[in-house]
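Each chain, written out:
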Amino acid sequence: MKALNTSRSEALFERAKKVTPGGVHSPVRAFRGVGGTPRFVRQARGSRITDVDGNTYLDFCMSWGPLIFGHQDPDVAEAVRGALGRGWSYGAAEETSLELAEFITSHVPVAQKVRFVNSGTEAVMAALRVARGATGRSKILKFDGCYHGHVDSMLVRAGSGLAEMASPDSAGVSASVAGDTVVVPLDDLDAVRAAFEKHGRDIAAIIVEPVPANNGLLLQREAFLADLIAIAHKHGALMIFDEVITGFRVAFGGMAARTGLKPDLVTYGKIIGGGFPVGAYAGRAELMDLVAPAGPFYQAGTLSANPVSMAAGLAMLKKLHSTDPYDALERRTASLSERLEKASRGRLRFQNYASMFWGIAGRIDTADGFVRRPDRIPAAQKEEYAKLFHFLLAEGYYFAPSGFEVSFLATAHSDADLDGLVHKVGEYFNPR
Ligand code: PMP
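Basis of the calculations
- Residues numbered from 1 in each chain as written.
- Predicted model: local features only at pLDDT ≥ 70, side-chain atom pairs only at ≥ 80, totals over all residues.
- Heavy atoms only, no water.
- Helix = DSSP H or I, 4+ residues; strand = E, 2+ residues; numbered from the N terminus.
- Core = buried A, V, L, I, M, F, W, Y, C linked by side-chain atoms within 4.5 Å.
- Buried < 20%, exposed > 50% of the residue type's maximum accessible area, 1.4 Å probe, protein only.
- Domains from an automatic or database assignment.
- Contact = heavy atoms within 4.5 Å.
- Axes fitted to C-alpha atoms, helices over the stretch in contact; angles between N-to-C directions.
- Parallel < 35°, antiparallel > 145°, perpendicular 65-115°, else oblique.
- Left-handed = near helix turned anticlockwise from the far one by under 90°.
- Nonpolar A, V, L, I, M, F, W, Y, C, P; charged D, E, K, R; others polar.
- Near = heavy atom within 4 Å.
- Polar contact = N/O pair within 3.5 Å; in protein donor to acceptor, adjacent residues only side chain to side chain.
- Areas by Shrake-Rupley, 256 points an atom, 1.4 Å probe, with all protein chains shown as cover.
- Pairing = 2+ DSSP bridges.
- Disulfide = S-S within 2.5 Å.
- Salt bridge = Lys/Arg side-chain N within 4 Å of Asp/Glu carboxyl O.

Asks: Is there a simple way to explain the environment of Ala92 in this structure?
Replies: In this structure, Ala92 sits in the loop between helix H2 (74–84) and helix H3 (95–107). Through-space distance from the C-alpha of Ala92 to that of Ser414 is 42 Å; in sequence the pair is 322 residues apart.

Asks: Just checking my understanding: could you explain the nonpolar core for this structure?
Replies: Most often, soluble globular proteins keep nonpolar side chains buried together rather than apart. Counting residues in each nonpolar core, the largest one holds 114 residues, and the members touching the most others are Ile104, Phe116, Phe143, Leu228, Phe248, Leu317 and Leu320. When residues of this core are assigned to domains, at least three fall in each of domain 1 (7–68 + 325–429) and domain 2 (74–323). Those residues in contact with Phe248 that sit more than four places away from it in its chain are Ile68, Ile104, Val108, Gly253, Gly254, Tyr268, Ile271, Ile272, Leu317, Leu320 and Tyr326. In this structure, Ala126, Ala127, Ile207 and Tyr281 belong to the second largest nonpolar core, which totals 21 residues.

Asks: What am I meant to see in the packing of H2 against helix H10 (residues 307–323) here?
Replies: Axis angle and axis distance: for two packed helices, these are the angle between their axes and the distance between the axes, and together they describe the pair. It is the contact of H2 with H10, at a shortest axis distance of 8 Å, that shows an interaxial angle of 150 degrees. Considered as vectors, H2 and H10 are oriented roughly antiparallel to each other. Helix-helix and strand crossings are classified by hand; for H2 and H10 the assignment is right-handed. In contact with Asp75, Val76, Ala79, Val80, Ala83 and Leu84 of H2, H10 contributes Pro307, Val308, Ala311, Ala312, Ala315, Met316 and Lys319. The residue makeup of the contact of H2 with H10, split by class, is 11 nonpolar, no polar and two charged.

Asks: Got a minute to help me understand the site of the ligand in this structure?
Replies: The environment of the ligand is formed by Ser119, Gly120, Thr121, Tyr147, His148, Gly149, Glu209, Asn214, Asp242, Val244, Ile245 and Lys270. Between the ligand and Asp242, the relevant distance is 2.6 Å, taken from a nitrogen atom to a side-chain nitrogen or oxygen of the residue. Within the complex, 83% of the 390 Å² of free accessible area of the ligand lies under protein. By residue class, the composition of the shell around the ligand is three nonpolar, six polar and three charged.

Asks: Can you help me understand the sheet that holds strand S9 (residues 265–269) in this one?
Replies: Strand pairs in the sheet, formed through backbone hydrogen bonds, run parallel or antiparallel to each other. Within the open sheet, the seven strands sit side by side as S4-S10-S9-S8-S7-S5-S6. Their pairing is mixed. Each edge of the open sheet carries a strand with a single partner, namely strand S4 (113–117) and strand S6 (181–184). For this sheet, the mean angle separating the axes of adjacent strands, direction not counted, is 20 degrees. Pairing of strand S7 (residues 203–208) with strand S8 (residues 238–242) involves four bridges; the strand directions are parallel. Bridge pairing links Ile206 to Met239 in S8. Contacts from H3 reach S4 and S9 within the one sheet, and its direction differs from that of S4 by about 135 degrees. Contacts from helix H7 (residues 222–234) reach strand S5 (139–143), S7 and S8, with the element oriented near 145 degrees to S8.

Asks: What should I look at first to understand the state of the cysteines in this one?
Replies: What makes a disulfide is a covalent bond joining the sulfur atoms belonging to two cysteines. By the definition in use, this model includes zero disulfides. Cysteine Cys61 is unpaired, with the sulfur of Cys146 as its nearest cysteine sulfur at 19 Å. On the basis of relative accessibility, which here comes to 5%, the residue Cys61 falls in the buried class.

Asks: Even after reading the chapter, I still don't get the sheet that holds strand S11 (residues 348–353), so can you show me in this structure?
Replies: The three strands lie next to each other as S11-S12-S14, forming an open sheet whose pairing is antiparallel. Only two strands of the sheet have a single neighbouring strand rather than two, namely S11 and strand S14 (407–408). Each of S11 and strand S12 (356–361) is contacted by helix H11 (residues 326–343), which is oriented at about 175 degrees to S11, the strand it contacts most. Of the strands in this sheet, S11 and S12 are in contact with helix H12 (residues 381–394), which crosses S12 at around 110 degrees.

Asks: Help me out: how do you make sense of the side chain of Ser47 in this one?
Replies: Residue placement: Ser47 occurs in the loop between strand S1 (41–45) and strand S2 (48–51). Polar side-chain contacts of Ser47 include one of 2.9 Å to the side chain of Arg48.

Asks: For this particular structure, what's the right way to read the pattern of salt bridges?
Replies: Pairing is possible between side chains of opposite charge, provided their charged atoms come close. If you walk through the whole model with that rule in mind, you get 24 salt bridges. Glu14 serves as the salt-bridge partner of Lys17, at 3.2 Å between the closest nitrogen and oxygen. Here Lys17 and its partner Glu14 are both found in helix H1 (residues 7–19), three residues apart, which amounts to about one turn of the helix. On the accessibility criterion, Lys17 (38% relative accessible area) is partly exposed. Members of the salt-bridge network, linked through shared partners, are Lys2, Glu395, Lys424 and Glu427.

If you want it as structure tokens, here you go:
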């Protein structure tokens, strides 16, 4: 295997560990899932990132999803420069957030009103508060392996960085808070029905990632999502689609738009800020009007809807709407997944959805051949992924540093980029 010079990254990581827990500001960045030294990125453009030692990588992590056009998209950059020239935080009403809110609500039927916050975590936290307030109930039903940010009550069997930890639950969450969370397996309606039999009167909402993408890409059946909504409503509970990843990625408007399903509340992040910090929650007007100052549920933010993020998000969504890259990205992702599977001579299986893909190592032991729950991921995944990750990294390919995270295709990835990847994966599995 090739060895790159990573001495600067190594030195920076040593310094970082002295002043920051684990040397990073978000756990998976530390490479603990694959071992080795995290690369310190100096700059990025298009489909590529360059580290502080001057190594350039073709990037399939893409900041974990926001950069659907790749790094430094010129339209987003221009909007940001324009916004910066006017000032970057007023703590007062301003017009760009209004334009973005109008753009979202006019194109996404379930989002009649929207409130901007600073992260996906905040969006979920607020949506849960609205659900609890609207129903007068305390419990939330979530699924094993779905990640909804680091809200206390959602850090139970949560995926994402926790998929790599000894326990699927975070320390520091009180038993009383965790006790308000009912956890059931994905792809199991009987378990959902049983949970409602037991706790139905106390469940304020079901929350789900409609395409769970934080513990591998755990494809769900569309009928499962439709039935969840029906069950929630039958019991007087609300349905929340956490579209922080899927929003504006799987289709303009996300899974709610793609499927025509009607959750009561949706959460967004990532793409709607064009890669700048943002989150949003949205839903039926009468629910959203429960939020302060219109209603009694308090939610606020000093930097919320800051005009730089808003301008970036607006440029991003307008470009997504006008260029409509979705079908092409989806076709290319499906074809890439198929070619990678072939290149691996069947040693990897790929699950893909829209422009997201995930490779699975090891024998899949399910009736329909799909992995739809975390406990069906083959035991070999962690170790096999780590080996392939390091081979590809040394060859100039940057994937998420965990076998339980998904990869993202951007419009910036060229056909030649993808051919190169297929070729390298072929070399890995069939060394000469
Ligand atoms: N929900 C989902 C589905 C997510 O994927 C994430 C982050 N990956 C979050 C919530 C939390 O978002 P943030 O990291 O912006 O707080």
